[in-house]
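# Reading the structure
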Amino acid sequence: EKDGYDHFMLKEIAEQPRAVADTLLGRIGQDGRLALDEMRLSDQELRDINKIILVACGTSYHAGLIAKYAIEHWAQLPCEVEVASEFRYRDPILTRDTLVIVISQSGETMDTLMAVRHARGQRSRVLAVCNVNGSTISRESDAVLYTHAGPEVAVASTKAFLTQLVACYLVALYLAQVRGVKFGDEITQIVERLAQTPSKVSEVLSTVEPVRALARSLADERCVLFLGRHVGFPVALEGALKLKELAYMHAEGFAAGELKHGPIALIDRGLPVVVVVPSPSGQRVIHDKIVSNIQEIRARGARTLVIAEEGDDAVGRYADTLIHIPAVPTLLQPLVATVPLQVFACELATAKGHDVDQPRNLAKSVTVE
Ligand code: M6R
C-alpha cells in the first residue's frame, strides 16, 4: 500500500501534485470562470454574506489562517479565524449573513463539529471544506466543498492541507466572481496561475534534497524556530507543528515582525531558524524587512534554512541552506513553501528513529472535545 515508500507520509507528500490537480478538476471552466454549484449555496446567498469566520483545528486551522488573507484580498470581505475549541466558548457575533467556513480533513473532529452545531444554532450558514465524503461534519453543514486528496493515512496532515488551501482559494475567488469585486482582471489571472500549481508542487518536490541533508544534521538539536510574514506566517506555524508532532522537538513559529518584540532573545549560537521569505514581486517592503531579520539572526550566530523564490538573489548570502521554490503569485505561495517543511519534519523525525506515520500520543482524527 505504501507503493515502495518507507512511510505513508512520504507517499502522501509525493502525491501532492495529483491531489492538488484533483481538487481543481472540473471547477475551472474553459472560459476561466469558476463553477462551484456543488457547494449548494446560491450566488444570491453568497452576495448577502457580510462576514466570514473560518473555524478549524491544527493543520486545518493553519489553512484557515491562509484563507483569511485570500478572502480579504480577493473577495474583500471581513474575515476572522478561530480555533474550533475556543469558538463556541466565547460569544462570536453570528447572524444570518455570517458564513462560517469549517475546515476538516476527517470531517469527524469533535471540536469542529461542535462549532458547526453552535453556528447553525445561531442561524449562520456553514460551509464545510472536507476530505471525507459523507463524514459527520459534511452531513451536518449547510454546504460542502470536498477536497480530493484521497485517503490520508499518516497522522501528520500533508496532502490534505494542500488541497484545503486549494479549496479555500477556490471559495475566495468564487466569492470575488459572484460579488463582482474591483480586481476582475487579477482574479482571471490568478485562476490561470492556480490551474498551473500542480506542476509547481512537482517542481518543488524535485529540489528538496538539501532539506533532507540539513534535517539529518539537526537530529540532536532541541529547538527549531520558524519565521514568516504575510501568508508565510501560517506556513511557519505549520512547519513548527509538523516538527512538534513528528520529531517531538520544541518548535515555534513566529510572524517575523514580532521577532524584535521578544523572540529575538531566544536566538543563540547554532540555533536552527527556518525562514519563509515572501516573494520579492509581492509587497517588496515585507520581503526586504525579512531579509534584514535574516541578517540580524545570522549576526547572532543562528543557522538559517531559507526558503525563497527562485531568482531572489538578495537572500542567498545569509542562508546556511537555501531552498528555492518556484515563483507563484504571493497568496498561492503556501502551496509550494509548505512542501520543504513537511520533508524537513519527516526526515528529522526519521533520523531520530521515530515512527513518522504514528507519532506518540496522537490520533488521526480527534473525536473527543
Ligand atoms: O481532520 P481534521 O482536519 O479536522 O483534523 C484537525 C487536526 O486534528 C489535524 O490537522 C492535526 O493537527 C494533524 N495531526 C496535523 O498534522
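You'll find the structure just up there.
Summary of the structure given here. (Residues numbered from 1 in each chain as written. Predicted model: local features only at pLDDT ≥ 70, side-chain atom pairs only at ≥ 80, totals over all residues. Heavy atoms only, no water.)

## Some words on the side chain of histidine 7
For histidine 7, the position within the fold is in the segment before α1 (8-14). Assessed through its relative accessible area of 16%, histidine 7 is described here as buried. (Helix = DSSP H or I, 4+ residues; strand = E, 2+ residues; numbered from the N terminus. Buried < 20%, exposed > 50% of the residue type's maximum accessible area, 1.4 Å probe, protein only.)

## Focus: the environment of histidine 230
Of note, histidine 230 is situated in the loop between β6 (223-228) and α12 (232-247). Through-space distance from the C-alpha of histidine 230 to that of glycine 257 is 9.9 Å; in sequence the pair is 27 residues apart. Once residues lying within four places of it in the same chain are set aside, the contact partners of histidine 230 are Tyr69, Gln283, Ile286, Thr330 and Leu331. (Contact = heavy atoms within 4.5 Å.)

## Describing the site of the ligand
Close to the ligand lie 13 residues, the nearest being Ser60, Ser104, Gln105, Thr109 and Glu245. Note that an oxygen atom of the ligand is positioned 2.6 Å from one of the side-chain N or O atoms of serine 60. Relative to its free-state accessible area of 420 Å², the ligand is covered by the protein chains to the extent of 91%. When atom positions are compared with the pocket grids, the ligand is found to occupy the largest pocket. Contributions of two or more residues to the shell around the ligand are made by α4 (58-75) and α12. Its residues assigned to classes, the shell around the ligand comprises 3 nonpolar, 8 polar and 2 charged. (Near = heavy atom within 4 Å. Polar contact = N/O pair within 3.5 Å; in protein donor to acceptor, adjacent residues only side chain to side chain. Areas by Shrake-Rupley, 256 points an atom, 1.4 Å probe, with all protein chains shown as cover. 1 Å grid on protein atoms, 1.4 Å probe; cavity = no way out; pocket = protein on both sides within 12 Å on 5 of 7 lines; lining within 4 Å. Sits in = over half its atoms within 2 Å of the grid points. Nonpolar A, V, L, I, M, F, W, Y, C, P; charged D, E, K, R; others polar.)

## A few points about the sheet that holds strand β8 (residues 272-276)
Across the sheet, 5 strands lie side by side as β7-β6-β8-β9-β10; this open sheet has parallel pairing. Strands with a single pairing partner mark the edges of an open sheet, and in this sheet they are β7 (250-255) and β10 (321-325). If you compare each strand with its neighbour and ignore which way they point, the axes differ by 15° on average. Against the sheet, helix α11 (residues 209-217) contacts β9 (303-309) and β10, and its axis sits at roughly 145° relative to β10. In the packing of α12 onto the sheet, contacts are made with β6, β7 and β8, and the angle to β7 comes to roughly 175°. (Pairing = 2+ DSSP bridges. Axes fitted to C-alpha atoms, helices over the stretch in contact; angles between N-to-C directions.)

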